[in-house]
Amino acid sequence: MATTTTTDTRKRDKFTELFTDHYPALFNAACVKVGSESDAEDICQEVFIALHHHLDEVENVRAWLFGTLRNKVMEFYRKKSRSDEEIDAIMADAALSFVNGYR
């Protein structure tokens, strides 16, 4: 029982550290792409929930987070019935914000 608790504590601590380190850059990138702080918060929440579920499998956390963010932003626009061409145009200039987290 103590081993499980220790493992859970380590996972929680690791997740908390990753959240603290990466949330600002992810949130900024999401805001740039969707133009709404509220929508960016929702998207980032989805990204970090997914990270929590896959934390033990992820090797390069930063790359995984920004790749997942890109997918969630594209999903956001698909739900708004944007065409693939519109989504491609929106995402075309994303390289800078998704590489270093800031525009």
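Preceding block: the structure.
Read on for an overview of the structure. Remember, predicted model here, so these are calculated numbers, not experimental data.

The rules behind the values
Numbering of residues begins from 1 in every chain and follows the order in which that chain's sequence is written. Only residues with pLDDT of 70 or above have their local features reported here, since the model is predicted, and side-chain atom pairs are shown and tallied only from 80 upward, although totals for entire chains, interfaces and linings are computed over all residues. The basis for the side-chain values is all heavy atoms of the structure; hydrogens and waters are excluded. When a carboxyl oxygen of Asp or Glu lies within 4 Å of a side-chain nitrogen of Lys or Arg, that pair is called a salt bridge. Counting from the N terminus, the helices are the DSSP runs of H or I reaching at least four residues and the strands are the DSSP runs of E reaching at least two. A 1.4 Å probe rolled over the protein chains alone gives each residue an accessible area, and that area as a share of the maximum for its type sets the label: buried under 20%, exposed over 50%, partly exposed in between. In these notes, a set of buried Ala, Val, Leu, Ile, Met, Phe, Trp, Tyr and Cys residues joined through side-chain atoms within 4.5 Å is what counts as a nonpolar core.

1. Looking at the pattern of salt bridges
Per the stated rule, a full pass over the model turns up three salt bridges. For Lys72, the salt bridge identified is with Glu46, shortest N-O distance 3.8 Å. Separated by 26 residues along the polypeptide, Lys72 in helix 3 (residues 61-79) and Glu46 in helix 2 (residues 37-54) bring together distant segments of the chain. The salt bridge partner of Lys79 is Glu75, with a shortest N-O separation of 3.6 Å. Placement of both Lys79 and Glu75 in helix 3 is noted, with a separation of four residues, approximately one turn of the helix. Lys79 gets classed as exposed once you look at its relative accessible area, which sits at 63%. Among the residues examined, Glu75 registers a relative accessible area of 31% and is labelled partly exposed.

2. What to know about the nonpolar core
Counting 28 residues, the largest nonpolar core has Leu26, Leu51 and Leu69 as its most contacted members. Those elements giving two or more residues to this core turn out to be helix 1 (2-34), helix 2, helix 3 and helix 4 (84-92).

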